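# Remarks on the overall topology
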Amino acid sequence: MSAQLIDGVLLSQQLRAEIKQRATVLTAKGKQPGLAVILVGEDPASHVYVRNKVKACADVGFHSILEKYDADLTEAALLDRIASLNSDPAIHGILVQMPLPKHINPNKVIEAISTTKDVDGYSVLSAGELMTGLPGFRPCTPYGCMKLIESTGVDLRGKHAVVIGRSNTVGKPMALLLLQANATVTICHSATPDLAYHTRQADVVVAAVGRRNTLTADMVKPGAIVIDVGMNRDDDGKLCGDVDTAAVREVASHITPVPGGVGPMTITMLLMNTVEAAERG
Ligand code: NAP
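This is a predicted model, so every value here is computed, not measured.

### Notes on the site of the ligand
Taken together, 20 residues are adjacent to the ligand, and Arg166, Ser167, Ser190, Met231 and Thr266 come closest. Contact between the ligand and arginine 211: a nitrogen atom at 3.5 Å from a side-chain N or O atom of the residue. Take threonine 266: an N or O atom from its side chain is 2.8 Å from an oxygen atom of the ligand. In isolation the ligand exposes 920 Å². Once the protein is present, 68% of that is buried. Ranked by residue count, the leading element in the shell around the ligand is helix α10 (residues 262-280), at three residues.

### Considering the pairing of strand β3 (residues 63-69)
For strand β2 (residues 34-40) and β3, the ladder comprises seven bridges, and the chain directions are parallel. Considered in β3, the bridge of leucine 39 is made with lysine 68. Note on the crossover from β2 through helix α2 (residues 44-59) to β3: the handedness is right-handed.

### Focus on the domain arrangement of the chain
Annotation of the chain at the domain level lists domain 1 (31-117) and domain 2 (139-263). Computed from C-alpha coordinates alone, the two centres of domain 1 and domain 2 are separated by 29 Å.

### Examining the sheet that holds strand β6 (residues 184-188)
The strand order across the open sheet built from six strands is β1-β11-β8-β7-β5-β6, with neighbouring strands paired in parallel fashion. Only two strands of the sheet have a single neighbouring strand rather than two, namely β1 (4-5) and β6. Taken together, the two bridges between β1 and strand β11 (residues 254-255) define a ladder with parallel strand orientation. If you follow leucine 5 over to β11, its bridge partner there is isoleucine 255.

### Some words on a nonpolar patch on the surface
Side chains of Val48, Tyr49, Met231 and Leu239 sit close together on the surface and give an oily, nonpolar patch of about 340 Å² of accessible area. Along the chain, methionine 231 falls in the loop between β8 (225-228) and β9 (232-233). Of the residues examined, methionine 231 reaches a relative accessible area of 53% and is grouped as exposed.

### Thoughts on the environment of threonine 152
Mapped onto the secondary structure, threonine 152 falls in the loop between α6 (140-150) and β5 (160-164). Take threonine 152: its relative accessible area is 18%, and that puts it in the buried class. Sequence separation between threonine 152 and serine 253 is 101 residues; the distance between their C-alpha atoms is 9.5 Å. Apart from residues lying up to four places away in sequence, threonine 152 is in contact with Ile6, Ile225 and His254. A distance of 3.2 Å separates the side chain of threonine 152 from the backbone nitrogen of valine 154, its partner in a polar contact.

### Thoughts on the pattern of salt bridges
Scanning all chains against the criterion turns up nine salt bridges. Measuring nitrogen to oxygen at the nearest pair gives 2.9 Å for the salt bridge that ties lysine 108 to glutamate 75. On the criterion of sequence distance, the pair formed by lysine 108 in helix α4 (residues 106-112) and glutamate 75 in helix α3 (residues 75-86) is long-range, its members being 33 residues apart. Put simply, aspartate 203 and lysine 221 hold a salt bridge, and the shortest N to O gap is 2.8 Å. Highlighted residues: aspartate 203 in the loop between α8 (195-199) and β7 (204-207) and lysine 221 in the loop between β7 and β8, separated in sequence by 18 residues. Members of the salt-bridge network, linked through shared partners, are Glu18, Arg22 and Glu279.

Cut-offs used in this document
- Residues numbered from 1 in each chain as written.
- Predicted model: local features only at pLDDT ≥ 70, side-chain atom pairs only at ≥ 80, totals over all residues.
- Heavy atoms only, no water.
- Near = heavy atom within 4 Å.
- Polar contact = N/O pair within 3.5 Å; in protein donor to acceptor, adjacent residues only side chain to side chain.
- Areas by Shrake-Rupley, 256 points an atom, 1.4 Å probe, with all protein chains shown as cover.
- Helix = DSSP H or I, 4+ residues; strand = E, 2+ residues; numbered from the N terminus.
- Pairing = 2+ DSSP bridges.
- Right-handed = clockwise from strand over helix to strand, strands pointing away.
- Domains from an automatic or database assignment.
- Patch = residues over 30% accessible without salt bridge, like charges linked within 9 Å, V, L, I, M, F, W, Y side chains within 5 Å.
- Salt bridge = Lys/Arg side-chain N within 4 Å of Asp/Glu carboxyl O.
- Buried < 20%, exposed > 50% of the residue type's maximum accessible area, 1.4 Å probe, protein only.
- Contact = heavy atoms within 4.5 Å.

Structure (structure tokens):
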């Protein structure tokens, strides 16, 4: 059996077309969705990420602003700027690109963003909303993974899902979203003694570790859905995920490629959260 590839590029295009329509309706009512992106410092990868986010906004008809600050920006100045964006009616979503320079406390910055504009879904309040099943903004990467799983048409009710990784931005919210969709959820991490024991029982595996070949074919139950969040480099410097895709493809029913799976969905779900913020606001 060769697994069906879940095409994150195609699904992103479809969702972005829907987001664009919703933005057009809002703009006609004088409420064009607006995203503010703040970048502090010179991290080259972050520069690429924010550029992509701003371009994605333009493509779906959003208003966006990109503010770049030198690495010596004070924490107080950043918090002041966030406070003024919180009260700016043209801005519905605020994103501060991580990582921040060492002298700025990222938790303080995340908590300074109004919950109604927390389109990254990283604040304690947003996490609490997810935890308790209240409407709110879901972190973009796990939210995108859920859309990828939904696109297979497989109902998660009663399925066993195993999440590898427990970060606040990916693993933990992923597990909560799967739970909300009525899956039975196991979370594995670096202290899990026998990872394969768990993954072999899984109908769905989400790998969010950051180490290539974490999930190999012998660790996968035949017919499982495999979502690969990892972003790593192979020996030739090519982008790869956490999953041994070529071999796991022969066992799984559905699998996301890297690149072209989870990656494009993350920005798409940022756009989704922003249009939702504008609709609510
Ligand atoms: P992270 O904060 O470093 O978390 C990694 C998790 O993996 C931790 O919970 C860690 O366990 C666990 N882990 C490490 N080694 C393990 C092992 N041998 N067995 C089982 N679990 C193990 O990383 P993250 O931010 O969640 O990101 C994970 C990966 O996804 C990275 O490659 C990142 O680049 C990628 N990513 C991709 C996107 C995208 O848009 N495609 C977005 C976000 C992240 P402990 O908690 O015990 O340390």
